[in-house]
Structures are given as structure tokens and as C-alpha cells.
Amino acid sequence: MHFVGVDLAWGDRKPTGLAVLDGEGCLLHVSAATTDDAIATALGPYVEDDCLVAIDAPLIVANATGNRPAEAALNKDFARFHAGAHPSNTGKPEFREQPRGARIAARLGLDMNPRSGRARRAIEVYPHPATVALFRLGRTLKYKNKPGRDLDLLRSELIVLVGLLEGLASADPPLLLTGHQVERHAVSAWKALRSAVEKAGRKSELRVVEDQVDAVICAYVALVAAREPKRTTTYGDFETGYIVTPTLPDDLTPTPRGPRIAPEIRDPGGSAVREYAELQPELRLAVDQFVQLVTSILDDAGINYLSVTGRAKSVASFAAKAARTVEGRPSFADPLREITDQIGVRVITYVHSDVQAVADLLDDQVVVHDDRDMGRETASEGRFGYASRHLLVGLDAARADQPAYELMRGRQAQVQIRTVLQHAWAEFEHDIRYKGTIPDEHVPDFDRRFTLAAGLLELADREFSTIRDRLRTGMSGPSPEPQDDDPRISSRELAAFLAGQYVDAGWSRTDHYAWISGLLLELGITSLAELGETLRPVDAEALTQRMNYRYPPGAVRRLDDALLWRYGDRFVALHGNADRVPALRARLEKMGGAG
């Protein structure tokens, strides 16, 4: 199914913006056309089969004067955000007979009834209220040319809008304007639009781009209307005319009126949103570096975890946060510096005790600027609910000058550490409260049920920790396992052996047991008996004192250090250690050389 956006001009002399998305939200086409013939030719391939065409122009006009009922109803909600609709009536020449929007819809053979279930339909939309609702804007962006608006203002506001649209890549449903999912010609067209905005030297150059950007908004509204109809509102009806738009958030308040002298009045969060939109591509690369760093730290320590993921805050989310106010005053005087979750990393562990282990490890390896235990804060209020450890981290001095961490210099990341169960609760609760709709009369019951679920999951987390601790202390011998031709000690047998060898150590990741079993094979160790003899000379207590662990190392890390102590340079030179020679030599030096 295709979702088409048409920013329809009033006449054939001005450009009409056209955009097409596929069912996954990927941009397929964006262009400008003038005549009805040109519009029909451009859209023909995309409307032959199932489609929803969103047109920014009146489709149905029956009233002789004043506003249509749809416009009056929409204005009641959106006028205070500067997103009110202009009056449409048959007293105006352009609506006296068949409106151009209806003419285009008829030419394409589209049903215009918003309640129709037909496969090929057209609906009327309006980009201004759509942007207010989608991006939680206190006032519309002023990218339309009107008296008193200079080129710099128009260009900066349009740049912000372009960035906000690109930020919808992480929305639900997503809007994908760049990236490998999008066809090359569409990516090139979108990048050309962005470049044209940034380099525009005349208002007329912005006008051509503006129409096509509006068309993309229209296409996305069509996608939302089809995929998430409960998140849209239809003002008016088929008989008197209607407008479909994303629903205005109940808690959104308009930006106070006033002279346009302060940056926060020019755009949401001031010029910070525009700057953030420009910075975000680089932030995404910095996210990858933070994820790699955290992953390597956890792996090196042998900490058991489920996943490490990261994200750069979307432009839309940044704009919404930057626009927050308290008693009419901006919450952030300098959003770019004060909004600290621009880079987010999430670590998911299996049991609750590992959350503290990860926090201790990061405190030892990087600079922790802030540490909040959200679960403890919730518990201190005498209730169950959201539980997650939030660390604000930055590079330590030792890594700050290394090329591998270049994009992380001077930046911080918020690291969320949760168990699998805590993560499941948080994601489900967020999805229900913020993406779903809970009727007011059901809110108390939902609150009670979420609280009950949080309490049960906390109990389950404790039980899982107990199960793991008991298994760890009870697994002192090998477990039977079918024999095969692999000469390595099996991961299962090795895990059981190490649980008895290092009773106080945590379990390591499953793939790490297989990895270190490969190192044992390189050393010629293929049985638990041989491994036991190898470790017998190692003074585990002295080794622990020399390493001075500031975190509880996992079983594989303990074995890794023991082998390094036992074999020294020979262990460092193993083929399986080729990618970590500098780290191993630093650890060997800390041990005082081989034992």
C-alpha cells in the first residue's frame, strides 16, 4: 500500500509538492509539479493499487460563507498554537464549483469519504496542526513566507522542520527519509531538498522546497491515519467537509505570545533544536562508540548480560523536551548542554545483583557524573513501579586521547541498567500509557494493576537471583553431556567447573565460555582434569589482591586472569588474543609478571 502526500497549490502556476511512502514508512518519491496533468502523471504509478492520498486542500466545500464546521472545530483546538485553518466557502471563486483537491481525487479515481473502507481513498489534511501534534510544538514553525519574516528566519525554521521529520525514523510508525531501507533516488532527492534549504539565498528557493516538505508531512499523516487511527482526529464530516490530523496532546500548552526577540520564541527550544538537528548524524556515530566501549568493558570483566544497545535522541524528542516549561518559563535555559540523555545506552542483565555489578564496573572504568537508582527512589516512596539504574557517564582521562573514542570526547551518555523483567515492565507500561489510550475512568484500576505487576516482578527478580546463587554453589562437578568430535571442553562442563572453582564469581555470558574454551585448546588443555592441574599453582588470593577488582568479576574473567598469571607472554601471544594484546599486557604488568 502507498501513502501519498499532496501539498496542493491554488492554481496551475505555483508548484504542488508530491511525496510517496511505502507501507513501512520509507520515502519512495518526492517532487514538485504544476498542472493537474503533471500531478496525475507523477502519482499514477503509486495510486493504481491500494493507496491513501492525503491532500492539503479542501475537498468538500458546501457552505456559502464563513468557515466550514470542520475548520471551526479544528480552530477551537489549534488556533492558540497558530495552526488555525483559513475559511473555505463557495463564496470564493476557487470553491464555487468543484474544488481543485476534489478534481484531483476524482481524476485519480479515489473515494473521498473518510469513513470509507475502500482500498483507494483520498483524505483532506493540514500540515500546520499535524506538526504541532506530532512534534509537540508550542507554536507552529514560521517557515511560510509572510510580511515581516526575513530569509534567515524562514530558512532556520525550515531546517528545524526537516530535522524533526528525519527524527521520526524512531517513531511509531516510522518515517524513513534516509538510510539503507530507502531507495537511492529517494535518498538523493531528500538530501537535495535539505541542501537547498541550507544554501537558499532567496525566498523563492525556499518555497519550492517548502511545498515538497509539506507533502512529506501529508504522506506521513496518511500513514498514521491508516496504521494508528486512534491517534488521529477527524474534524467535520463527509457532508460538510472534514480535516484529518494527528490528535492534539491533552497536556500540550501553547507558547506565550510576545515579541520575537528571544531564541525560544523562534523555534521550540530556541536555536538549540536547529543545532541538534545538525549534530544528530554525528551523535549516532558517537552512540556506536559508546556501545562498543560499554560492551568491551563488560566483556573484559566477564559480566553476564543479555544485551547492550544505544540510540541518539530523535530531533522530535529533543524538541519536545526543549519546549517544556514550568510555570510559563522554559525548563532548560541551554537545552544543548542541559538535556543530558542525547546519547542513551541500555544494558539489560539477567538478575538484579548484576545491575549493581555493572554500575560498579562502569564506576571503575569511566567517569560517572551522576548515579540515580530509580528503583530505590520508587521504593523510598513506599510503592512499586519503575526500576532502573541511570548513570551519566563520560570518558576517563586514559581514553580521552585515543582515536577510537574521538566522537565521545566532551560528550556524555546516559546508561540505563535494568534486569530483563524490569525492562519488560518499563516497556509495556510506557507503551500502554504513552502510545495507547486509557479512559479516565479506568486509570485507577490500571495504576493498581501496574503496581501489582511491578511488585510481582520484583519478587521474581529476587527468586531468579536465589536460583542462580544456589545453582552456582551446587555446580561443583562436570555434568554429563553427549560426546562429539570437538576437542574443546564444552561450555556446559566449563561453566559447572568454574562455578565450583570460583564460588564467589558471577556467571559469565554463554558465548564467553565457548570463547575461553578455544583459548584452552590453544594451550593444549582439553579436559577438566588438565585444567585443574593448570590452575593448582595459581595463588588465587594473591592474584585477586594484585588485580584489586573494584567490581565482582565473572567466572570467565577469573579464569582469564589465572591463565594470564600462569602462562604470561605465552598466553598473550595466543591467536585468540590477537585483538586484545595491549589490554592483556597492561593486566600482566599489574600482576607483576607471570607467576
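All values derive from a computational prediction rather than experimental measurement.

**Here's the deal with empty space enclosed by the protein**
Reasoning step 1: Counted under the stated rule, the structure contains one cavity of 30 Å³ or more.
Reasoning step 2: Its volume calculated, the largest cavity comes out at about 50 Å³.
Reasoning step 3: For the largest cavity, the full set of lining residues is Phe-290, Leu-293, Val-294, Ile-297, Leu-362, Val-366, Val-393, Gly-394, Leu-395 and Met-408.
Reasoning step 4: Mapped onto the lining of the largest cavity, the elements with two or more residues apiece are helix H9 (271-301) and strand S13 (389-394).

**Considering the layout of surface pockets**
Reasoning step 1: By volume, the second largest pocket is sized at about 910 Å³.
Reasoning step 2: Where the lining of the second largest pocket is concerned, the elements lending two or more residues are helix H4 (127-135) and helix H7 (203-227).
Reasoning step 3: Top contributing element to the lining of the second largest pocket by residue count: H7, with four residues.

**Some thoughts on the side chain of Lys-142**
Reasoning step 1: Inspection of the secondary structure puts Lys-142 in the loop between H4 and helix H5 (151-167).
Reasoning step 2: It turns out Lys-142 is buried and unbridged, and the closest side chain with the opposite charge, Glu-157, is 7.0 Å from it.
Reasoning step 3: At 2.8 Å, the side chain of Lys-142 and the side chain of Thr-140 are in polar contact.

**Observations regarding the confidence of the model for the protein chain**
Reasoning step 1: A residue-level look at the protein chain finds 84% of positions with pLDDT of 70 or above and a mean pLDDT of 84.
Reasoning step 2: Scored below 50 in pLDDT, residues 475-482 makes 14 contacts in the model with residues more than four places away or belonging to other chains.

**Structural notes on the sheet that holds strand S1 (residues 2-7)**
The strands making up a sheet associate through hydrogen bonds between their backbones, and the pairing can be parallel or antiparallel.
Reasoning step 1: The five strands are arranged S3-S2-S1-S4-S5 in an open sheet whose pairing can be described as mixed. Because the sheet does not close on itself, it has two edges, and the strands there are strand S3 (27-33) and strand S5 (120-124). Put simply, the sheet's adjacent strands are angled 15 degrees from each other on average, direction ignored.
Reasoning step 2: Relative to S5, strand S4 (residues 51-55) is paired through five bridges, and the arrangement is parallel. Looking across to S5, one finds that Ile-55 is bridged to Glu-124.
Reasoning step 3: This element, helix H1 (residues 36-43), spans S1, strand S2 (16-21) and S3 of the sheet and lies at about 10 degrees to S2.

**As for the packing of aromatic side chains**
Reasoning step 1: Counted according to the given criterion, the structure contains three aromatic pairs.
Reasoning step 2: Consider the rings of Trp-10 and Phe-95, whose centres lie 5.6 Å apart with planes at 75 degrees: the pair is edge-to-face. Of this pair, Trp-10 sits in the loop between S1 and S2 while Phe-95 is found in the loop between helix H2 (69-78) and helix H3 (100-107), placing the two residues 85 residues apart along the sequence.
Reasoning step 3: Ring centres 6.4 Å apart and planes at 80 degrees place the aromatic pair Phe-78 and Tyr-235 in the edge-to-face group. Of this pair, Phe-78 sits in helix H2 while Tyr-235 is found in strand S6 (residues 232-237), placing the two residues 157 residues apart along the sequence.
Reasoning step 4: The exposure class assigned to Tyr-235 is buried, which follows from its relative accessible area of 7%.
Reasoning step 5: Taking NZ or CZ as reference, Arg-509 lies 4.0 Å from the ring centre of Tyr-305, over its face.

**A look at the sheet that holds strand S8 (residues 307-312)**
Reasoning step 1: If you walk across this open sheet you meet the five strands as S8-S11-S14-S13-S12, and the pairing is mixed. Of all the strands in the sheet, just S8 and strand S12 (367-373) have a single pairing partner and so form its edges. Pairwise comparison of adjacent strand axes, ignoring direction, gives a mean angle of 20 degrees for this sheet.
Reasoning step 2: Direction of pairing for S12 relative to S13: antiparallel, over a ladder of six bridges. The partner of Asp-370 across the bridge, within S13, is Leu-392.

**A few points about helix H18 (residues 510-522)**
Reasoning step 1: Here H18 has its buried residues at His-512, Tyr-513, Ile-516, Ser-517, Leu-519 and Leu-520. One side of H18 carries all its buried residues, which in axial view fall inside an arc of 155 degrees.

**So, H7**
Reasoning step 1: With 25 residues, H7 extends 36 Å between its outermost C-alpha atoms, agreeing within 8% with the 36 Å of an ideal straight helix rising 1.5 Å per residue.
Reasoning step 2: Of all 25 residues in H7, 18 are buried, a share of seventy percent or more.

Reading guide: rules and limits
- Residues numbered from 1 in each chain as written.
- Predicted model: local features only at pLDDT ≥ 70, side-chain atom pairs only at ≥ 80, totals over all residues.
- Heavy atoms only, no water.
- 1 Å grid on protein atoms, 1.4 Å probe; cavity = no way out; pocket = protein on both sides within 12 Å on 5 of 7 lines; lining within 4 Å.
- Points joined across faces, edges and corners; volume = space filled by probe spheres on them.
- Helix = DSSP H or I, 4+ residues; strand = E, 2+ residues; numbered from the N terminus.
- Buried < 20%, exposed > 50% of the residue type's maximum accessible area, 1.4 Å probe, protein only.
- Lys, Arg positive; Asp, Glu negative; His and termini not counted.
- Salt bridge = Lys/Arg side-chain N within 4 Å of Asp/Glu carboxyl O.
- Polar contact = N/O pair within 3.5 Å; in protein donor to acceptor, adjacent residues only side chain to side chain.
- pLDDT = per-residue confidence, 0-100.
- Contact = heavy atoms within 4.5 Å.
- Pairing = 2+ DSSP bridges.
- Axes fitted to C-alpha atoms, helices over the stretch in contact; angles between N-to-C directions.
- Phe/Tyr/Trp six-rings, centres within 6.5 Å; stacked < 30°, edge-to-face > 60°.
- Lys NZ or Arg CZ within 6 Å of the ring centre and 35° of its normal.
- Arc of directions from axis to C-beta.
- Expected span 1.5 Å × (residues − 1).

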